[in-house]
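# Examination of the molecular architecture
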Amino acid sequence: MKLWVNGGLRDAEDARVSVFDHGLTVGDGIFETIKAVHGQPFALTRHLDRLTRSAAGLGLPEPDHDEVRHACEAVLAANPTPLGRLRITYTGGLSPLGSDRGEQGPTLVVALGESTRRPDTTAVITVPWTRNERGAVTGLKTTSYAENVVALARAREHGGSEALFANTVGQLCEGTGSNVFVVLDGELHTPPVASGCLAGITRALIVEWAGARETDLPLDVLEQAEEIFLTSTLRDVQAVHRVDRRALVDAPGPVTAKAMRIFDERAAADPDPRPR
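Please read these numbers as outputs of a predicted model, since none were measured by experiment. (Residues numbered from 1 in each chain as written. Predicted model: local features only at pLDDT ≥ 70, side-chain atom pairs only at ≥ 80, totals over all residues. Heavy atoms only, no water.)

### Concerning the pattern of salt bridges
Close approach of charged atoms allows side chains with opposite charge to pair. Taken as a whole and assessed by the stated rule, the structure comprises 13 salt bridges. A salt bridge links Asp120 to Arg118; the shortest N-O distance between them is 2.8 Å. Residue classification places Asp120 among the partly exposed residues on the basis of a relative accessible area of 39%. Note that Glu133 and Arg134 form a salt bridge whose closest N and O atoms lie 3.2 Å from each other. In this structure Glu133 comes out as buried when scored by relative accessible area, which is 17%. Among the charged side chains, a salt-bridge network with shared partners connects Arg117, Arg118 and Asp120. (Salt bridge = Lys/Arg side-chain N within 4 Å of Asp/Glu carboxyl O. Buried < 20%, exposed > 50% of the residue type's maximum accessible area, 1.4 Å probe, protein only.)

### Describing helix H3 (residues 65–78)
Its 14 residues give H3 an end-to-end C-alpha distance of 20 Å, which sits within 8% of 20 Å, the value for a rise of 1.5 Å per residue. Within the span of H3, buried status applies to Val68, Ala71, Cys72, Ala74, Val75 and Leu76. Two to three positions downstream of the cap, the backbone nitrogen of Asp66 sits 2.9 Å from a side-chain oxygen, assigning the N-cap of H3 to Asp64. (Helix = DSSP H or I, 4+ residues; strand = E, 2+ residues; numbered from the N terminus. Expected span 1.5 Å × (residues − 1). Polar contact = N/O pair within 3.5 Å; in protein donor to acceptor, adjacent residues only side chain to side chain.)

### Looking at the sheet that holds strand S2 (residues 8–11)
Pairing between sheet strands relies on hydrogen bonds along the backbone, with the strands arranged either parallel or antiparallel. As summarised here, the arrangement of the six strands in space is S2-S1-S6-S5-S3-S4, forming an open sheet in which the pairing is antiparallel. A single partner strand is all that each edge strand has here, and the edge strands are S2 and strand S4 (40–41). Here strand S1 (residues 2–5) runs beside strand S6 (residues 107–114); their pairing, made up of two bridges, is antiparallel. By the bridge assignment for S6, Val5 is matched with Val109. Where H3 meets the sheet, it contacts S1, S2, strand S3 (29–37), S4, strand S5 (83–91) and S6, and its direction lies at approximately 30 degrees from that of S6. (Pairing = 2+ DSSP bridges. Contact = heavy atoms within 4.5 Å. Axes fitted to C-alpha atoms, helices over the stretch in contact; angles between N-to-C directions.)

None of this, on its own, says anything about what the molecule does.
Okay, here's the thing in structure tokens:
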């Protein structure tokens, strides 16, 4: 396995980042996860645009898209795999201990891990913790993922693959690494970005391609929804067959199945769908 670290490919055992890197010491970093199919990254332009938005939100220097694209191409070429998880990590770089950022510039790491196709359906749970829709890093894809680690561990303990959060005012928000959609009276809805959820790439494509509505939804909508599904880079569109103790026995339902089909067809036709 070869990784890209600060300007070049490195063997995995020789790939090193300083223990004083701000991404390690205080979580001052951002990242993107990109699906790669036979060496072809999906929606790379959208991911790079979001990387830039996250960098601006943290006050990091704007990432050089040409450099990041070159790093991604080099890593994918060096590590052939049918289905991969391409990970771009961009941090505050070498810094003093504490919250102040150093002056040596950011760290860029690109790595690739093998992946497998997700099951068509999954189980999820809700958790008692909330997303802060008014926080300083709300909507940014940062490396500060500890609360997601805790929530996902809770989901695993209860036989689920994802945990869903409400925000501070009790509205449905998102999962630890996914967006959530529900079907009400045959219509497809998803929480708006103002709820505090991440502006997911797959989420945006389903809103565009399947005509989903962005709607403020109470958390207990999960108890009434006719269908529920998750979206993310590696889940694509994944139906939910259980939420907590509630079973959705016919998952994937007709609206979810249509969204799955639309996504698969459109994604196959255009591996880099540009924003409108």
